[in-house]
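Coordinate analysis (summary)
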Amino acid sequence: MSKHSHREIDPVTGHETTGHDWNGIKELNTPLPKIVIWALILTFVYSVIAWILLPAWPIGRDYTRGLLGLDQSDIALEDYRALATKRQDWLQPFENVDFSALQADDVWQNNALPAAQRLFEDNCAVCHGMQGRGIQGFPVLSDETWLWSGTPEEIAQTIRYGINTDSADTRYAEMPSFNWMERPDRVALAEYVVLLGDGSVKPNAAAATLFSENCAACHGEAGIGGLENGAPALNDSSVIYGQDFSTVMQTLWSGRQGVMPAWTDRLTQAEINLLAFYVSRLGADEKQVAQ
Amino acid sequence: MLKLHYNLERVSMGLVAAIIIAASVGGIVEIAPLFTIDETVEVPDDLRPHTPLELAGREIFIREGCYACHSQMVRSLADEIDRYGPYSQAGESAYDHPMLWGSKRTGPDLARIGGKYSDEWHVRHLIDPRSVVPASIMPAYPWLLKSLDTDLLTDSLATLSELGVPYSDEMITSAASDALAQSRPDSNETDGFRARYEERPAIRAFDGDPARLTEMDALVAYLQALGTLTVVSETVVVEVDE
Amino acid sequence: MIATLTVSERQAGLLLSIILAALGLAMAAAARQGVMSVHGFLALGLGVGLAFMLGGAIYDPEPDEDRLRSYYDAPTQFGIVMTLIWAVIAMAVGVWVAALLYWPEATPLWPETSFGRLRPVHTTGIIFGFGGNALIATSFHVLQRTSRARLADSISPWVVLLGYNLFCVWAVTGYLMGSTQSKEYAEAEWYADLWLVVVWVTYFVLYLRTLARRNEPHIYVANWYYLAFILVVAMLHIVNNLALPVRWSSAESFPIWSGVQDAMIQWWYGHNAVAFFLTAGFLGMLYYFLPIRSGRPIWSYRLSIISFWGITFFYIWVGSHHLHYTALPYWAQTLGMTFSVMLLVPSWASAGNAIATLNGAWHKVRDDATLRFMFVAAVFYGLSTFEGSFLAIRPVNSLSHYTDWTVGHVHSGTLGWVAMIVFGAIYTLVPQISGRDAMVSSRAIEWHFWLAVSGTLVYVVAMWNAGITQGLMWRAYDENGALSYSFLQSVQAMAPYYLLRTIGGGLFLAGAVICAWNCWATLRLAHGSAKDRPLLPQPAE
Ligand code: HEM
Ligand code: HEM
Ligand SMILES: [Ca+2]
Ligand SMILES: [Ca+2]
Ligand SMILES: [Cu+2]
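Let me begin by describing the structure that accompanies this report. (Residues numbered from 1 in each chain as written. Chains lettered and ligands numbered in written order. Predicted model: local features only at pLDDT ≥ 70, side-chain atom pairs only at ≥ 80, totals over all residues. Heavy atoms only, no water.)

1. Considerations on the packing of aromatic side chains
For the structure on display, the rule yields 58 aromatic pairs over all chains. Centre to centre, the rings of Tyr141 of chain B and Trp143 of chain B are 5.5 Å apart; their planes meet at 70 degrees, and the pair counts as edge-to-face. Each member of the pair Tyr141 of chain B and Trp143 of chain B is classed as buried. Centroid distance Tyr164 of chain C to Trp200 of chain C: 6.1 Å. Interplanar angle 40 degrees. Geometry classified as tilted. (Phe/Tyr/Trp six-rings, centres within 6.5 Å; stacked < 30°, edge-to-face > 60°. Buried < 20%, exposed > 50% of the residue type's maximum accessible area, 1.4 Å probe, protein only.)

2. Observations concerning the site of ligand 1
Taken together, 25 residues lie near ligand 1, and Arg119, His122, Tyr185, His411 and Thr414 of chain C sit nearest. Around ligand 1, the nearby residues trace back to chains B and C. Within the side chain of His122 of chain C, an N or O atom sits 2.7 Å from a nitrogen atom of ligand 1. Within the side chain of Glu184 of chain C, an N or O atom sits 3.2 Å from an oxygen atom of ligand 1. Going through the elements one at a time, helix H3 (74–102), helix H4 (115–147), helix H14 (404–433) and helix H17 (495–524) of chain C are the ones with two or more residues in the shell around ligand 1. Here the shell around ligand 1 is built from residues that sort into 13 nonpolar, seven polar and five charged. (Near = heavy atom within 4 Å. Polar contact = N/O pair within 3.5 Å; in protein donor to acceptor, adjacent residues only side chain to side chain. Helix = DSSP H or I, 4+ residues; strand = E, 2+ residues; numbered from the N terminus. Nonpolar A, V, L, I, M, F, W, Y, C, P; charged D, E, K, R; others polar.)

3. Details of the coordination of the iron atom of ligand 2
Among protein residues, the single donor to the iron atom of ligand 2 is His409 of chain C (NE2), with a metal-donor distance of 2.1 Å. The distance between the iron atom of ligand 2 and the copper ion (ligand 5) comes to 4.3 Å. (Donors = N, O, S within 2.8 Å, 3.2 Å for Na, K, Ca; no water.)

4. Some points on the site of ligand 2
In the vicinity of ligand 2, 28 residues are found, and the nearest of them are Glu184, Tyr185, Asn397, His401 and His409 of chain C. Near ligand 2, the surrounding residues belong to chains B and C. Within the side chain of Asn397 of chain C, an N or O atom sits 2.9 Å from an oxygen atom of ligand 2. Sorting the residues of the shell around ligand 2 by element identifies helix H8 (259–294), helix H10 (330–357), helix H12 (369–391) and H14 of chain C as the ones contributing at least two each. With six residues, the single largest contributor to the shell around ligand 2 is H14 of chain C. Looking at the shell around ligand 2 residue by residue, the classes come out as eleven nonpolar, 16 polar and one charged.

5. A word on the nonpolar core
Counting residues in each nonpolar core, the largest one holds 290 residues, and the members touching the most others are Leu274 of chain A together with Met285, Trp417 and Phe423 of chain C. Among the elements that line this core, the one with the most residues is H8 of chain C, at 21 residues. Residues Phe178, Met181, Leu210 and Met249 of chain A belong to the second largest nonpolar core, which totals 18 residues. (Core = buried A, V, L, I, M, F, W, Y, C linked by side-chain atoms within 4.5 Å.)

6. Focus: the coordination of the calcium ion (ligand 3)
Residue and element names in this part refer to chain B. All of the protein donors around the calcium ion (ligand 3) are Asp207 (OD), Asp207 (OD), Asp209 (O), Arg212 (O), Asp217 (OD) and Asp217 (OD); their distances to the metal are 2.1 to 3.0 Å. Around the calcium ion (ligand 3), the six donor atoms sit at angles spanning 47 to 173 degrees, and that spread fits a shape best called irregular. If you list the donors of the calcium ion (ligand 3) from N- to C-terminus, the spacing comes out as D-x1-D-x2-R-x4-D. For Asp209, a relative accessible area of 29% gives the class partly exposed. (Tetrahedral: all angles 85-135°; square planar, octahedral: opposite > 155°, others 65-115°.)

7. Quick look at the interface of chain A and chain C
With 50 residues of chain A in contact, the opposing surface of chain C contributes 55 residues. When chain A packs against chain C, the two sides together hide about 4500 Å² of surface, and 65% of this comes from carbon and sulfur. Area buried by chain A at its contact with chain C is led by Trp22, Asn23 and Gln72 of chain A, which between them contribute 16% of it. If you look at where chain A meets chain C, you find two salt bridges. Residue Arg296 of chain C is joined to Asp10 of chain A by a salt bridge in which the shortest nitrogen-to-oxygen separation is 2.8 Å. Run the count over chain A and chain C and you get 21 residue pairs in polar contact (both at pLDDT 80 or more). Of all the elements in the fold, those that place two or more residues in the side of chain A that touches chain C are helix H1 (34–53), helix H2 (72–91) and helix H4 (106–123) of chain A. The element contributing the most residues to the side of chain A that touches chain C is H1 of chain A, with nine residues. The class makeup of the residues in the side of chain A that touches chain C is 27 nonpolar, 13 polar and ten charged. (Contact = heavy atoms within 4.5 Å. Buried area = accessible area lost by both parts, 1.4 Å probe. Salt bridge = Lys/Arg side-chain N within 4 Å of Asp/Glu carboxyl O.)

Written out as structure tokens, the structure reads:
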């Protein structure tokens, strides 16, 4: 383009046009603003610095590692370890637990409780509810009745290996199917169990015999439970699947074998103990709140 | 320079060529090395391909657009390791055509979901998420209880094996019966399934009903396999523990 | 539209329609059942319908000889109509999808209306249906005007438009039926992908042939951008969609790429779908309609050169910024980050060039809502590219990735930039091709403008808040080194923002409906065709 053209000058900006006209569109030949060049240089310098410091350019079967020698996974693990170290102060006591010592300790209230709560919400709440109040099919943890035992040690055992899982140390519990039983008997049993639940059962009902013959071995005489074999008490208000007639009929027909996952591979020992402690206190805390 | 351009913009084919060149460099430099750099192409020794049932589940995961809300990529960041488990490694998805790393987490990451919950929970959650998680905004998928169509499985495995996924001829021909066997613990076909896929994949009635092979069986089998196809992930945990 | 074709063109069209119908029939017969057969029947229906239309009118009066001395605007008009139809449908689906995240049970329990299937209907419908039709329609208009030549022939524009819309319909109905490859923005299955290649090659050839007849030695900037759009999208589409069908008679396929390579190729594609579909093409639109409407010359030719080549060269490198901290090797992430930062310069140069072009026309911006659409588009283009470069910085991305911040960024780009420039172009173009001075209702344009701006702001601000809240909650630690929030708490925290977003989207949709009505009313009252003419009439080929 020659500098000494006689091209049209735009009256607004005073800049020369390029002399083209595309259906009425013209262009000004405004020189590149300096700031664009500077911005290009600046961002380029930034990039070169980044390329020198960080892994950046592939070469054949390898790449430039950068002067800082950074590796994103190492950094992440380092950060993670730093967090883990920070947690040691209050998580350490949970490593090999003496739960009774913790009861009064304010390490618990101030430091561990929020962490336990978050762990519970991210891992357990989908089954046991945000406050451990359970949902249909999954047991309530915020009451005083337990399938196995309410001591933190036993709870930790449950969390570690689960119930009815593939783990070698799993707790095992099965409510067998009574589909071999005559229907009238099942109906009688179911009606009996419903009444057990609200405490209005007649002690010498005919079904009581059926119950003590077939069920008491696991659920205890008159369904009082507490045998720590995974079979729930049937004479209280705490239920897993439901203690209305049709649900009990369903339970008797198909049996039940709920699965509580095992957490050893997912949570650390200390975290599991922390959760066990948290769960063991849910009932007591709930009561306190209620009062 | 300006002069050069002034001439270039008069020749349409010149412009075309220049655009192609300018827009190719970056892609070539970034993509080609991913096929050659050793540490990138490494596939873990113990990586197993999906079983036919899991593969069918993966197709359902894709069909329903679960990836629109769930990533399957734990990034290398401390908080993600903390929340989801070991960060994901490239080798883990080496057999995934396509990868499902995702770009949005409306729901949580699923890369490590396998084994976290029980089959029964998944079934109930998928049929009606709000029945188990009242605050959930995940859609319900009650139609997954319909029977699984295993018609395409043999051809699917064959296609994947052409693309380099290690399925043997036997696996390919028995794909449909293997899918059934994996969902039916008491059937006779489980021996053949075990012989082909060894001990690792779980054999269970994933939807709770061994009598029917449903889409739910497939999807739950897939979800329970996520993060368990190789144990590389565990090395990361061990490293952290010491 | 048939009235614009000669008898021999109608015969050629008839032949093509029959071929399409035969293809559709073959597809339906081979697949027998499922989505591929439905799609076969769709193609069959389209082919037969077109054949009847053409066959029935084949000996109708031909257009006069003079037709070659005017621009061929019928395809543009058709493309604009399709743009508006897709806009209303896909934005409505967007609002629907947004509502589902607030009222998850709002949709009946049908597979077709579940979130995961509707979301890609929204993205494909809006990007390819709305955006793509707008690009093709305006590219025909711009190409002819800036070349001062008529389109090279009268058949291929129809092949492009009808074929392209068939692709879009195949894609979105496929997702509804559960057929998808899951690759974001490339979800359509293998046969639709192949079909799009055929359409795209036709488009490219038509573009080049028309350029070859131009009456202006220089090719105008808008065409550089349209060319880059056509070429690079072809390249991306082919590489990313390479797949082996499970059977030739089945819709299912497996992409040939896997794992980390697939991730990089997917986002090389995905990002550059943004770059060359949602940016380059629309910059072409801006470069034509902004100077036309404002009556001002482009502020700097030299700046145009720098920004065009900067955008073309830098953009292609940055796809890896979608994979920060993932299993993609660190080196590739560094390249993605640094090039994203450099990319800001040509991006802002384009936005700056557009805004500086308005110097001397600010009174028009104030008075003319159409020009205001274009001005706002340029501003949002600048904003969203700045935001993009910022999000591409690794530590920032560690917070924003996977959150609604990305969605906020997306919609500041798509609502604020893409949709606004389309509306500006439509309001300029529709009166012109209707032979009118103006749209039927300028008050409606004014209404549309304010609905669009307020809708965008509500949407984007809600999503910024949502995303940053989410990102912070996910990584918040208490002073004891324990995570503060569970994931579910972050889900619950989103509710108000999801509601706001739905409202913002509703406002934007309302504007688009007004636009569709206004265009319909204007086209209905058309006084003949566009008054401008090509320079030298070319003999027909
Ligand atoms: C009425 C206006 C709109 C509404 C209400 C709307 C709503 C939505 C919603 C709810 C999502 C899903 C976000 C999520 O998964 O959380 C979405 C995604 C998306 N929309 Fe829109 N949208 C609108 C307009 C547009 C327009 C005009 C475009 C493009 C031209 C567009 C392009 C996209 C894209 C590309 C995504 C995917 C984002 C990603 O994957 O990060 N939208 N939209
Ligand atoms: C300089 C220009 C730009 C840069 C550097 C840029 C960068 C980015 C980054 C870093 C992300 C987030 C990736 C992630 O964390 O997942 C993103 C997402 C996105 N951007 Fe941009 N952006 C730019 C301009 C635009 C424009 C103008 C538009 C639209 C017109 C746009 C549309 C999108 C879309 C649709 C996504 C979502 C992709 C997905 O995850 O589905 N971007 N962009
Ligand atoms: Ca089953
Ligand atoms: Ca595709
Ligand atoms: Cu990007």
